[in-house]
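A structural walkthrough
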Amino acid sequence: AVLKLDSNAAPGIVYWGIKDLHIEGNGATPSNCVGLQLYHCSRGHLENLFLQNSYIGLEVQGLEQFLISNTMFRNNGYGVNLSQGAAAINICNLVTFDKCTFVTNTLRGANLVYAAGVVFDDCVFEKNGQTGDVNTGGVYVDNDYATQVGFGFLSFKGCWWETNYGHAFWTESGANICTQI
């Protein structure tokens, strides 16, 4: 990862943020090429980020009470990946994407695994995925989305969807979510 933050390594942090950051990979996308990794980081804010040309633009594990605003996820394999991870204590919960753009990510704009409450406000999902590949597209929700809490909430408000290949939005059959679009 170009930048990795792990709150387990810095106990006592109450609130933190990153603003005006540009991370651009080299376009080669091995699975370990990640722009920004956040592990167990809660109560924070990412603002005005540009994450481009990595396998994963933003990898998040165990994030709670978090705002990501005015961020561009472009030309990555996965724009953002929300998961629990092998050693994570918490699932991703209470995460809001506000005015973010997910564009031309070759696999998925947003990959949601082990999350319970995610909100997308005024976001753009455009040209994500690959033609003819049904496992790619705009937003994917895994069947483990809300495994620990039993039921998850996913909201899309005022979002723009255009020309996502594979699927614009899809869930696995076992995903226990309440979706508002």
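Everything in this summary refers to the structure shown in the same document. (Residues numbered from 1 in each chain as written. Predicted model: local features only at pLDDT ≥ 70, side-chain atom pairs only at ≥ 80, totals over all residues. Heavy atoms only, no water.)

Brief notes about the environment of G57
- Looking at where G57 falls in the secondary structure, it is placed in strand β5 (residues 56–61).
- The buried category is assigned to G57, whose relative accessible area is 0%.
- As a C-alpha pair, G57 and V34 span 23 residues in sequence and 5.9 Å in three-dimensional space. (Helix = DSSP H or I, 4+ residues; strand = E, 2+ residues; numbered from the N terminus. Buried < 20%, exposed > 50% of the residue type's maximum accessible area, 1.4 Å probe, protein only.)

Topic: the packing of aromatic side chains
- Applying the stated rule across the entire model yields 15 aromatic pairs.
- When the ring of Y55 is compared with that of Y78, the centres are 5.6 Å apart and the planes differ by 85 degrees; the resulting orientation is edge-to-face. Linking Y55 in the loop between β4 (42–52) and β5 with Y78 in strand β8 (residues 78–83), this pair joins segments that are 23 residues apart in sequence.
- Classification of Y78 by relative accessible area gives buried; the value is 16%.
- Here the aromatic rings of F73 and F102 are separated by 4.7 Å at their centres, their planes lie at 10 degrees, and the arrangement is stacked. Of this pair, F73 sits in strand β7 (residues 72–74) while F102 is found in strand β10 (residues 101–103), placing the two residues 29 residues apart along the sequence. Considered together, F73 and F102 belong to a single accessibility category, that of buried residues.
- The structure contains a cluster of three or more aromatic residues connected by ring pairs, namely F73, F97, F102, F120, F125, F156, W161 and F169.
- Between the NZ or CZ atom of R108 and the centre of the ring of Y140, over which it lies, the distance is 3.9 Å. (Phe/Tyr/Trp six-rings, centres within 6.5 Å; stacked < 30°, edge-to-face > 60°. Lys NZ or Arg CZ within 6 Å of the ring centre and 35° of its normal.)

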